[in-house]
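# Structural overview for review
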Amino acid sequence: MKELGIYIHIPFCIRKCNYCNFYSVQYKTELVERYISSISKEISSFTGSSDYYVSSMYLGGGTPSLLELAQLYPIFALISEKFYINENCELTIEANPKTVSAQKTKDWHILGINRVSLGVQSFNNDELFVLGRLHKAKHVYSAYESIIKNTTDNISFDLIYGIPEQTTDKWVNSLKKAIELKPKHISTYCLSIEKGTPFYDKRNELHLPSASQQRKMYYLGLSLLESSSYQQYELSNFSKPGFSAKHNVACWEGKEYIGFGASAHSFYQNKRWANFSDIHQYILYIQNQKKPREFENKIAQREYITDRIFLGLRLIKGINMAEFKKQYNFNIQEEYKDVLRKYQKENLLIIEDNFLRLARKAYFVSDEILSEFV
Ligand code: SF4
């Protein structure tokens with residue numbers, strides 16, 4: 001049997017954060033009910049092979065933690081009816097600290113959720129305000145306590161650096177506060193100003209840290225996390241031993257996944273597809289018994305291979321080139337001779353024991369290097 005990941009998109013938020021370009025709409029009970037009913041229909045009508053077991057399921061958003069047990073339960077019931085769920089399946093829910101209550105954390109335990117990804121972003125209330133976040137630092141502490149007590153200790157924190165007006169000291173301070181709580185996993189993301197966000201509209205007024213400050217923040221974070229016994233396993237992800245995010249690692253390693261819900265993406269049996277981002281269009285198509293797909297493509301072998309390299313190099317261990325050749329009959333060293341030579345000369349790419357990986361100093365400029373493999 002083959003591994004499969006399942007992603008469920010819950011696109012509801014109380015309000016839009018200033019930096020966010022994920023697909024989300026305002027929470028309205030009536031719309032949530034119609035959406036749950038549509039997503040249930042999408043899951044029920046999925047016809048796939050029985051050669052798979054689900055090794056991870058991820059509820060992302062939006063703010064999945066806004067939903068109550070009665071709203072989440074039908075989704076979980078259908079997934080376990082339809083798919084074979086592995087007993088060690090990693091079951092993650094994304095949560096906004098302000099929406100976490102004792103009752104919800106108990107409900108998550110009932111549902112079998114065994115990992116919570118908490119959108120902490122910063123421990124500095126001024127920065128949280130600038131980001132337009134719903135919560136304050138005190139909500140992180142109460143949410144964390146409640147999750148540990150009632151759901152799981154497998155908790156991940158998302159943190160952002162490069163926030164307007166942020167200094168290196170402020171970033172380090174936030175990160176230290178995160179480390180003090182000893183979550184099993186920490187992700188650090190550099191703020192990027194994306195089109196269509198409130199930050200983009202006032203980008204010329206924002207006092208953002210310079211690129212060299214951002215770089216300093218990234219590497220300071222990396223050293224601080226390492227000295228606190230977090231292992232870096234991906235460019236932005238760090239965990240205590242044995243607690244890397246199975247769902248994400250499977251995607252980076254080219255394993256298959258199915259996404260249900262508006263804007264969800266899938267990669268399954270040599271095809272890639274994406275559902276409509278617009279929730280109303282998504283619901284309408286499901287109601288009319290049509291697949292809610294924005295696109296669906298067959299993936300050519302070469303495209304799959306370049307994706308595997310692009311994503312595989314995000315992992316700190318890199319790519320085992322001998323394995324790769326055996327699996328895909330593709331010799332990376334031969335096919336990308338010039339690219340490898342160029343970046344090896346600059347000490348940005350390393351080949352060691354048959355593994356191709358990024359050098360530490362290349363982590364912050366990885367986009368430029370990875371784009372050479374596409
Ligand atoms: S809570 Fe998350 S998904 Fe919702 S607007 Fe903020 S960043 Fe975006």
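Here the structure is shown first, and the text comes after it.
Let me begin by describing the structure that accompanies this report. Bear in mind the structure is a predicted one, so any value in this text is a computation, not a measurement.

Once that is clear, we can look at helix α8 (residues 211-227). For α8, with 17 residues, the first-to-last C-alpha span of 24 Å sits near the 24 Å given by 1.5 Å per residue. Among the residues of α8, Q214, M217, Y218, Y219, G221, L222, L224 and L225 are the ones counted as buried. Looking at the buried side of α8, the elements it contacts are β7 (155-161), α6 (168-180), β8 (185-190), β9 (231-234) and β10 (237-239). Just beyond α8, the residue with positive phi is S229, at close to 60°.

The next thing to look at is unusual backbone geometry. Across the junction of G61 and G62, the peptide omega takes the value 20°, indicating a cis bond. Relative to the elements of secondary structure, G62 occurs in the loop between β4 (52-61) and α2 (69-82). The backbone of Q121 shows a phi angle near 65°, a positive value even though the residue is not glycine. When you line up the elements, Q121 lands in strand β6 (residues 115-121). Notably, Q269 is not glycine yet its phi reads approximately 45°, a positive angle. With respect to the helices, strands and loops of the structure, Q269 is situated in the loop between β12 (265-268) and β13 (271-275).

For sheets, the rule is that strands pair by backbone hydrogen bonds, running either parallel or antiparallel. Taken together, the 3 strands give an open sheet; going across it, the order is β15-β17-β16, and neighbouring strands pair in antiparallel fashion. Edge strands, defined here as strands with exactly one partner in the open sheet, are β15 (319-320) and β16 (349-352). Of the strands in this sheet, β16 and β17 (355-358) are in contact with helix α14 (residues 337-345), which crosses β16 at around 105°.

Taken as a whole, the second largest pocket encloses approximately 560 Å³ of empty space. Around the second largest pocket sit 26 residues that line it, and E253, Y304, R308, Q327 and Y328 are the ones nearest its centre. Those elements that place two or more of their residues in the lining of the second largest pocket are β1 (2-10), α11 (301-312), β15 and α12 (321-328). A class-by-class count of the residues in the lining of the second largest pocket yields 10 nonpolar, 8 polar and 8 charged.

A word on the state of the cysteines. The final tally for this structure, using the stated rule, is 0 disulfides. Free of any disulfide, C251 has its nearest neighbouring cysteine sulfur in C89, separated by 13 Å. Taking relative accessible area as the criterion, C251 reaches 22% and is therefore assigned partly exposed.

This next bit is on the nonpolar core. Counting 97 residues, the largest nonpolar core has I8, F12, F83, F157, F260, I309 and F373 as the members making the most contacts within it. Each of domain 1 (2-251) and domain 2 (320-371) gives at least three residues to this core. Dropping the residues within four chain positions of it, I309 is found in contact with I319, F324, F330, I332, Y336 and F373. Membership of the second largest hydrophobic core comes to 9 residues, among which are Y19, L191, F199 and L206.

What counts, and where the lines are drawn
Residues numbered from 1 in each chain as written. Predicted model: local features only at pLDDT ≥ 70, side-chain atom pairs only at ≥ 80, totals over all residues. Heavy atoms only, no water. Helix = DSSP H or I, 4+ residues; strand = E, 2+ residues; numbered from the N terminus. Expected span 1.5 Å × (residues − 1). Buried < 20%, exposed > 50% of the residue type's maximum accessible area, 1.4 Å probe, protein only. Contact = heavy atoms within 4.5 Å. Pairing = 2+ DSSP bridges. Axes fitted to C-alpha atoms, helices over the stretch in contact; angles between N-to-C directions. 1 Å grid on protein atoms, 1.4 Å probe; cavity = no way out; pocket = protein on both sides within 12 Å on 5 of 7 lines; lining within 4 Å. Points joined across faces, edges and corners; volume = space filled by probe spheres on them. Nonpolar A, V, L, I, M, F, W, Y, C, P; charged D, E, K, R; others polar. Disulfide = S-S within 2.5 Å. Core = buried A, V, L, I, M, F, W, Y, C linked by side-chain atoms within 4.5 Å. Domains from an automatic or database assignment.

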